[in-house]
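# Structure assessment
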Amino acid sequence: MKGLVVSKKLPLEKEKIVELVKVYDTPLFVILRERLIENFLAFTRFLPGVQPFYAVKANPHPEIIRTLDTLGSCFDVASKQEVQLVHELGIGPERMIFANTIKRKKGLAFAREIGLKLMTYDNLNELYKIQKVHPEAKLLLRITSPSNGSGANLSYKFGVDPEEALFLLLRAREMGLQPVGVSFHAGSPCYQVESYLVSLQAVRKIFSEARQSGIELSIVDIGGGFPLKIYQEEGEQRSLESLASKIYSHIESFLQEGYRVIAEPGRCIVGSACFLVTKVIGKALRRGKVWYYLDEGIYGSLSAIPFDKASPEFVPLREGNGLQEAILAGPTCDSLDVIAKDVLLPELGLDDLIVVPDIGAYSIASATNFNGFEKPTVVMV
Ligand SMILES: Cc1ncc(COP(=O)(O)O)c(C=O)c1O
């Protein structure tokens, strides 16, 4: 939360932002349709042949799902509610993967009802559950990934060690179920090429061991974890473009051998496609520091700060030279609801607007109404 830099770059023209606030007030969460489309198309360009299943958990707004649907995206869903959301938007079950290795029975039953078959598992108890509730399921075994240097290590809570993979594939077959592939998630976000490469190598080994045991696997699921930044900038290694260029040859060899390769990108599709506009609703001087209280905080769509270790930028619409260090706080009564410390800002007053760019992923998805504060209005432009 410390040392955040004020950038001058607004994600949309200042006049348009002011216009939108006149119509919708703040807090306002803006989805940039063109940017969303561009991010999706960039993913398919940088990783040709890899079928993206957009991870709905990153941002489940229906307009995002509709837009990605028109581009031919498939969807990664994690609960009955997410399955229902995507299903009710008219997207067929063959375009979904139930990519939560621990599923509730009612979620599994609903998946069976609508014909959603592709799903992940990583333990024996899940197999018993699937056998009982959804025996027609097509199963991807999720393995752990090194997840070095990733924001959230998703192999802490999920995945089986690659050494134990064959046992769980054989058990699935013995139980009359259909193992069809292997999945992993390199961590979110993952900046280490090595994590993808080690995991792809592990998949190769498992495919070969499975074949020797008479199980033909056909799907490689490379998960998510791709960076929010799409294009490579000078001196910047943390972009989808850079990561993809380093892992693609390994993916391509699977494709050339006729395997289906799928992915579950969330952050890189939606992260830079949304921004927040929030307003100064209070100002106080405490212990020699200026505090600005905003109408949105960590219990709202800035939830990415505590939950996703995000450190967004804050761009005031008011310009001024005399920058001073300020503390930004949310509107609730909880003293945990501090958004950022030591942000360099010009002198602001009540009703001044602050824009938070690149806030599309894991933000509004986990926003609450704590203290009665309403979630931001969401618009797509
Ligand atoms: C199973 C699974 N797939 C995909 C994702 C999306 O990851 P990301 O947003 O890093 O692309 C997540 C994120 O938590 C996940 O748990």
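Our structure's up above, just so we're on the same page.
Described in the following lines is the structure provided in the data block. (Residues numbered from 1 in each chain as written. Predicted model: local features only at pLDDT ≥ 70, side-chain atom pairs only at ≥ 80, totals over all residues. Heavy atoms only, no water.)

## Notes on the overall build of the protein chain
The secondary structure content of the protein chain amounts to 11 helices and 16 strands. Compactness check: the protein chain gives a C-alpha radius of gyration of 22 Å against a globular reference of 21 Å for 381 residues, within 12% of the reference. Split into buried and exposed, the 381 residues of the protein chain put 54% on the buried side. When contacts within the protein chain are restricted to residue pairs at least 6 apart in sequence, long-range pairs at least 24 apart make up 69% of them. For the protein chain, the distance from the average position of its 43 positive side-chain charges to the average position of its 45 negative side-chain charges is 4 Å. (Helix = DSSP H or I, 4+ residues; strand = E, 2+ residues; numbered from the N terminus. Rg over C-alpha atoms; globule rule 2.2 N^0.38 Å. Buried < 20%, exposed > 50% of the residue type's maximum accessible area, 1.4 Å probe, protein only. Contact = heavy atoms within 4.5 Å. Lys, Arg positive; Asp, Glu negative; His and termini not counted. Charge placed at Lys NZ, Arg CZ, Asp CG, Glu CD.)

## A closer look at the pattern of salt bridges
Considering all chains together, one arrives at 18 salt bridges under this definition. One salt bridge connects glutamate 126 with lysine 103, and the closest N-O pair in it is separated by 3.2 Å. Highlighted residues: glutamate 126 in helix H6 (residues 124–133) and lysine 103 in the loop between strand S4 (96–98) and helix H5 (105–114), separated in sequence by 23 residues. Residue glutamate 126 is classed as buried on the basis of its relative accessible area of 2%. Salt-bridge contacts for aspartate 342 lead to lysine 289; the nearest nitrogen and oxygen are separated by 2.9 Å. Linking aspartate 342 in strand S14 (residues 338–345) with lysine 289 in strand S11 (residues 289–294), this pair joins segments that are 53 residues apart in sequence. (Salt bridge = Lys/Arg side-chain N within 4 Å of Asp/Glu carboxyl O.)

## What about the site of the ligand?
Near the ligand you find 15 residues, and of these Ser188, Glu264, Gly266, Arg267 and Tyr362 are the closest. With respect to the ligand, the backbone of arginine 267 contributes an N or O atom lying 2.8 Å from an oxygen atom. Considering the ligand on its own, with 390 Å² of exposed area, one finds that the protein chains cover 93% of that surface. For the shell around the ligand, the class distribution of residues is 5 nonpolar, 5 polar and 5 charged. (Near = heavy atom within 4 Å. Polar contact = N/O pair within 3.5 Å; in protein donor to acceptor, adjacent residues only side chain to side chain. Areas by Shrake-Rupley, 256 points an atom, 1.4 Å probe, with all protein chains shown as cover. Nonpolar A, V, L, I, M, F, W, Y, C, P; charged D, E, K, R; others polar.)

## So, the packing of aromatic side chains
Applying the stated criterion across every chain, the model contains 10 aromatic pairs. Judged by centre distance (6.5 Å) and plane angle (90°), the rings of tyrosine 54 and phenylalanine 75 are edge-to-face. Here phenylalanine 75 lies in strand S3 (residues 74–77) and tyrosine 54 lies in strand S2 (residues 51–55), a separation of 21 residues in the sequence. As far as the burial class goes, tyrosine 54 and phenylalanine 75 line up, both buried. Taken together, the ring pairs connect Phe43, Phe184, Tyr196 and Phe226 into an aromatic cluster. The ring centre of phenylalanine 110 lies 5.5 Å from the NZ or CZ of lysine 80, which sits over that ring. (Phe/Tyr/Trp six-rings, centres within 6.5 Å; stacked < 30°, edge-to-face > 60°. Lys NZ or Arg CZ within 6 Å of the ring centre and 35° of its normal.)

## Details of helix H4 (residues 80–88)
Given 3.6 residues to a turn, an α-helix orients residues that are three or four positions apart in the same direction. Among the residues making up H4, those that are buried are Glu82, Val83 and Val86. Relative to the axis of H4, the buried residues are bounded by an arc of 100° and lie together on one face. Residues of H4 that are exposed and point more than 90 degrees away from the buried face comprise Gln81 and Glu88. A positive backbone phi angle near 85° is found at glycine 90, which sits one or two residues after H4. (Arc of directions from axis to C-beta.)

## Digging into the environment of proline 27
By the secondary structure assignment, proline 27 is in the loop between helix H1 (14–24) and strand S1 (28–31). Residue classification places proline 27 among the buried positions, given a relative accessible area of 4%. Each C-alpha atom, one on proline 27 and one on lysine 129, is 43 Å from the other, the two residues being 102 residues apart in sequence.

## Considerations on H5
Those residues of H5 that sit buried are Gly107, Leu108, Phe110, Ala111 and Ile114. Viewed end-on, H5 has its buried residues packed into an arc of 165°, placing them on one side of the element. For H5, exposure combined with an orientation more than 90 degrees from the buried face picks out Lys105 and Glu113. Its buried side turned inward, H5 meets H4, S4, strand S5 (118–121) and H6. Just downstream of H5 lies glycine 115, where phi reads positive at about 90°.

Fair warning: the whole summary comes from geometry, so function is off the table for now.
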